[in-house]
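# Fold and contact review
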Amino acid sequence: MGLRTVGVEEELLLVEPVTGRARAVSGSVMRRTEAYPEREERIGTELQREQLEIDTKPCTSLDELAAEVRRRRRAASEAARAIGAEIVALATSPLPVEPSMTPDRRYRWMAQEYQLTAAENLTCGCHVHVSVTSDEEGVAVLDRIRGWLPPLLAMSANSPFWQGHDTGYASYREQVWSRWPSAGPTGPFGSAQAYHTLADAMVGSGVLLDDGMLYFHARLSRHYPTVEIRIGDVCLDADDAVLLAALARALVETASRRWQAGEPASPVRQEVLRLATWRASRSGLDDVLVHPTTQRPAPAADVLRSLVEYLTPALDEAGELATVLDLLGGLVARTNGASQQRAVHRRSQQLTDVVTHAIARTKAS
């Protein structure tokens, strides 16, 4: 099929520029963007009024994707500033906040059904869409990438603070998100029919509104012919979002090749994947991770090295290996968003400074 297309969805916080507190102004930002219907950059609302979503178009080259991410961040920033707010690529609000739900029929149903789980859930993720040729290929991919998803969470981790406190986690967003009844890692499906049968059963239980609430770490997209990898925090730096997308595409390509070669999916249990996800959420890149092939603790640097080695044939064939190594080197040098946030807080002891720094990083990237 040639080089697969890849696209990124980013959820962003809306904050007050001086205090750094989250602001429930997504409706005002949307009205601002609707005044310019000729603009290509579309901005969407999310569960809470303190956040926005931006989506890139499907891209083939990483340069194109990087330009798309930056252009859409700029467009959202301009729209937010026009009404006296700022956007910031943080996966949770460092400062205390009482979220205000978007007035939408779907979200009202969720508020009524899930109560505090929905009311408290102000989190921002990064979702990567990678094209596949069919649901059968897509499910084969899902079955073969499961063990490699927690390292993507560790790399993107960008949510150490919650309601004014350091949580001790690199990605507390993952802990909050896992409260949804359908969230988290999955077992192997085996076939597209089995995937859809499970999806129908889950929706048919009445616990979920529809298949849009299949909050798996990776799933078949509802609207596009893609695998949607949803495990990541929104990345503080645009380069890290591009790195996440590059690795996600190489994972999909590698998994598809192994499926076509008749190689079976990894038998790793869902319960072990939950532990690996917890470890990535807790530690980020600052400690050990659960190694995807041994299921034993290993330094984060060793896991990242193994990930790149595993994906090298696909990355090399796509002409992206050097770019990925460069982006990964940048991430390791500057550290992920969680470590950056904590470094700012150690210097000043002010969470407002954490948000101010993140605003600047979001703009600079």
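The rules behind these values
- Residues numbered from 1 in each chain as written.
- Predicted model: local features only at pLDDT ≥ 70, side-chain atom pairs only at ≥ 80, totals over all residues.
- Heavy atoms only, no water.
- Helix = DSSP H or I, 4+ residues; strand = E, 2+ residues; numbered from the N terminus.
- Expected span 1.5 Å × (residues − 1).
- Buried < 20%, exposed > 50% of the residue type's maximum accessible area, 1.4 Å probe, protein only.
- Contact = heavy atoms within 4.5 Å.
- Polar contact = N/O pair within 3.5 Å; in protein donor to acceptor, adjacent residues only side chain to side chain.
- Phe/Tyr/Trp six-rings, centres within 6.5 Å; stacked < 30°, edge-to-face > 60°.
- Lys NZ or Arg CZ within 6 Å of the ring centre and 35° of its normal.

## Focus: helix H13 (residues 337–348)
One turn of the α-helix equals 3.6 residues, which is why residues spaced by three or four share an orientation. Given a rise of 1.5 Å per residue, twelve residues ought to cover 16 Å, and the 17 Å separating the end C-alpha atoms of H13 matches this to within 8%. Every buried residue of H13 is listed here: Gly337, Ala338, Ser339, Gln340, Gln341, Arg342, Ala343, Val344 and His345. Tucked into the core, H13 has its buried residues touching strand S6 (161–162), strand S7 (165–166), helix H12 (321–334) and helix H14 (351–364).

## Thoughts on the side chain of arginine 230
Examined against the element boundaries, arginine 230 turns out to sit in strand S9 (residues 226–233). According to the relative accessible area criterion, arginine 230 is buried, its value standing at 10%. In terms of polar contacts, arginine 230 uses its side chain to reach the side chain of glutamate 228, at 2.9 Å. Those residues within four positions of arginine 230 in sequence are excluded, and the remaining contacts are Cys126, His127, Trp177, Tyr215, Phe216, His217 and Arg219.

## Some points on the packing of aromatic side chains
Tallied over the full model, the rule gives twelve aromatic pairs. Centroid distance tryptophan 177 to tyrosine 215: 4.8 Å. Interplanar angle 50°. Geometry classified as tilted. Pair noted here: tryptophan 177 is in helix H7 (residues 172–177) and tyrosine 215 is in the loop between helix H8 (192–204) and strand S8 (218–220), with a separation of 38 residues, a long-range link. One exposure class covers both tryptophan 177 and tyrosine 215, and it is buried. Three or more aromatic residues joined by ring pairs form one cluster here, namely Trp109, Tyr114, Trp177, Trp180 and Tyr215. The ring of tyrosine 169 is capped by arginine 282, whose NZ or CZ atom sits 6.0 Å from the centre of that ring.

It is worth stressing that arrangement in space is one thing and function is another; only the former is reported here.
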